[in-house]
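What the coordinates show
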Amino acid sequence: MTARTRRRSLAAGAALILLTNAIALSSVARNRADEPESRVMLSERELALPAGGYRHAENSGLALALNWRVLDADEELPDYGYSLHAGRPAWLDAGRLAALGFDTAVGDATPEARERFTRQLPRQVLIVLELAGPAWQQAVERARANALRRTAAAAANPDSKAFAEQAKAARDNLAIEEGHASRLFVIDAGLDAAVLRARYPDRQRTLILRGTVRPSVRSSDRQHRLAGYISAIAIDRINVPFAWRGLLEPLRNTNRPAPGEQTPRYQAQVAVGQHLEPWIESLTTLPGDRPAP
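Residues numbered from 1 in each chain as written. Predicted model: local features only at pLDDT ≥ 70, side-chain atom pairs only at ≥ 80, totals over all residues. Heavy atoms only, no water.

Some remarks on the overall build of the protein
For the protein, the helix and strand inventory stands at seven helices and 10 strands. Looking at the 293 residues of the protein, the share that counts as buried comes to 39%. In the protein, 70% of the contacts between residues at least 6 apart in sequence involve partners at least 24 apart. Accessible surface, the protein: about 16,400 Å² in total, of which carbon and sulfur atoms supply 54%. (Helix = DSSP H or I, 4+ residues; strand = E, 2+ residues; numbered from the N terminus. Buried < 20%, exposed > 50% of the residue type's maximum accessible area, 1.4 Å probe, protein only. Contact = heavy atoms within 4.5 Å. Areas by Shrake-Rupley, 256 points an atom, 1.4 Å probe, with all protein chains shown as cover.)

Quick look at the nonpolar core
Where a protein is soluble and globular, its nonpolar side chains tend to be buried together. Formed by 53 residues in total, the largest nonpolar core has its most connected members in L47, L64, I127, V213, I230 and L248. The biggest single contributor to this core is strand β4 (residues 123-131), with six residues. Setting aside its immediate chain neighbours within four residues, L64 contacts L47, A48, L49, D236, R237, I238, V240, L248, Y266, I280 and L283. (Core = buried A, V, L, I, M, F, W, Y, C linked by side-chain atoms within 4.5 Å.)

Considerations on the packing of aromatic side chains
The final tally for this structure, using the stated rule, is zero aromatic pairs. Against the face of F102 rests R123, its NZ or CZ located 5.8 Å from the ring centre. (Phe/Tyr/Trp six-rings, centres within 6.5 Å; stacked < 30°, edge-to-face > 60°. Lys NZ or Arg CZ within 6 Å of the ring centre and 35° of its normal.)

Observations regarding helix α4 (residues 134-156)
Across its 23 residues, α4 extends 33 Å between first and last C-alpha, which sits within 8% of the 33 Å expected from 1.5 Å per residue. Buried residues of α4: A135, W136, A139, V140, R142, A143, N146, A147 and A154, and no others. Buried residues in α4 make contact with α5 (161-179) and β5 (184-190). (Expected span 1.5 Å × (residues − 1).)

A few points about the pairing of β4
Among the nine residues of β4, seven are classified as buried, and the element is accordingly described as predominantly covered. For β4 and strand β6 (residues 206-220), the ladder comprises eight bridges, and the chain directions are antiparallel. Within β6, the residue paired with L129 across the bridge is L207. Note that β4 and β5 share six bridges and pair antiparallel. Of the residues in β5, the one forming a bridge with L131 is L184. (Pairing = 2+ DSSP bridges.)

Here it is as structure tokens:
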């Protein structure tokens, strides 16, 4: 390869990089050109820092992970206050799946029909996420009821170590749910953003993002029902602008407060643009004596 050919190759590569960056910046600009579609204040409960360590030592960027959950239709399914992405919510039933474009006419009467249903390709849809709404409140109530039930069982069996451990685990789970776990729940899905926004008009409590739904089957007591689950949110990492990275860097190598301790340590106002892409508009750290949101 001659020097001239090398120069041309380098120039072509540089031009391609510039073009790619220009397209990306143009898309960002269009997304943020008008008034945001929504603005929601999220805390560390919903926006998780990446783990610290050598893997991030040479990475000048910083992104927070969107910590979302789903309230499963099965009240007995353990959640433990952590993200439950694979949960199958009651609202994502056969009727809703048909509206999202899945073929539910195959039915659920035979194993062959259920297999045909679950082998359908996933669908890209619009996902509604709600902060500290009825779904989170129901998750808290489930944890509280479980704690009361387990504590009563332990009291009725004072010599049982197993019952005592179960009661403690249930009380710990309640503490996690009340003050530590994410309050951001997926509550609906559709294909039309305007229809969803009309259904959920509170732009300071609900976000509409793009996501993926996959078909599934719920089986219980030899009964089978067509169901679905949210397998992914399209953008689940939100970059922290350089101006605020200094606030979060000291926290990356420290452990997140345990349940019962002060939490969260920061909060961020997240905006969603007209292309349904989120970004951070502001970020502040929270003092240790401030009540957790």
